[in-house]
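# Understanding the architecture of this molecule
The chain contents come next:
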Amino acid sequence: MDAQTFLIYYKVHIGSWILLLILFGVLFVLYKWKLPFANRILRFMIWLLYIGQVTSGIAMIYAYQFPIPYVIKGLISLILIYAMEVILRKTKRNRSGTSAYWFIWFVALAIVLLLGFNVGMNT
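The text that follows walks through the structure, step by step, so that each part is easy to find. (Residues numbered from 1 in each chain as written. Predicted model: local features only at pLDDT ≥ 70, side-chain atom pairs only at ≥ 80, totals over all residues. Heavy atoms only, no water.)

Turning next to a nonpolar patch on the surface. On the surface, Leu7, Tyr10, Ile14, Ile18, Ile22 and Val26 cluster together into a nonpolar patch covering about 520 Å² of accessible area. Mapping Ile18 onto the fold places it in helix α1 (residues 3–32). The exposure class of Ile18 is partly exposed, given its relative accessible area of 49%. (Patch = residues over 30% accessible without salt bridge, like charges linked within 9 Å, V, L, I, M, F, W, Y side chains within 5 Å. Areas by Shrake-Rupley, 256 points an atom, 1.4 Å probe, with all protein chains shown as cover. Salt bridge = Lys/Arg side-chain N within 4 Å of Asp/Glu carboxyl O. Helix = DSSP H or I, 4+ residues; strand = E, 2+ residues; numbered from the N terminus. Buried < 20%, exposed > 50% of the residue type's maximum accessible area, 1.4 Å probe, protein only.)

See below:
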């Protein structure tokens, strides 16, 4: 993979993470305040960002030739996506029991950010 293609994947990956976190917060607030407008559109946008994030992440792991820290980061990112989905679904349906998933979300987000910024890695 050439440098320009890798840069495109990198920018898509970073941009999708930022937009995903923003839209997650917006949709969570809309569900919490029981405001129904644009929920389907935002959910669809979040699903598209999941696809962009996972696709670009796999492409970058392939370009790096599958180093273990980045594979672990990818797996923890999938756990983060799962926690986000459960939090949004339980909040939309007014169900309790999201505190454990919020804990998983915060821990997974911290690990993903630390691995993403190469904190503690000798690279």
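So that's the structure; there's more coming.
Here we come to the side chain of Ser56. Among the structural elements, Ser56 can be located in helix α2 (residues 39–63). You can call Ser56 buried: its relative accessible area is 1%. For Ser56, the side chain forms a polar contact with the main-chain oxygen of Gly52, separated by 2.8 Å. Within the local environment of Ser56, its side chain forms a polar contact with the backbone oxygen of Gln53, the two atoms lying 3.1 Å apart. Setting aside its immediate chain neighbours within four residues, Ser56 contacts Tyr9, Val12 and His13. (Polar contact = N/O pair within 3.5 Å; in protein donor to acceptor, adjacent residues only side chain to side chain. Contact = heavy atoms within 4.5 Å.)

We now examine the packing of aromatic side chains. Counted by the stated rule, this structure contains ten aromatic pairs. A ring pair is formed by Trp105 and Phe106, whose centres lie 4.9 Å apart and whose planes are at 80°; its orientation type is edge-to-face. Classification of Trp105 as buried rests on a relative accessible area of 8%. Pairwise contacts between aromatic rings join Phe24, Phe28, Trp102, Trp105 and Phe106 into one cluster. (Phe/Tyr/Trp six-rings, centres within 6.5 Å; stacked < 30°, edge-to-face > 60°.)

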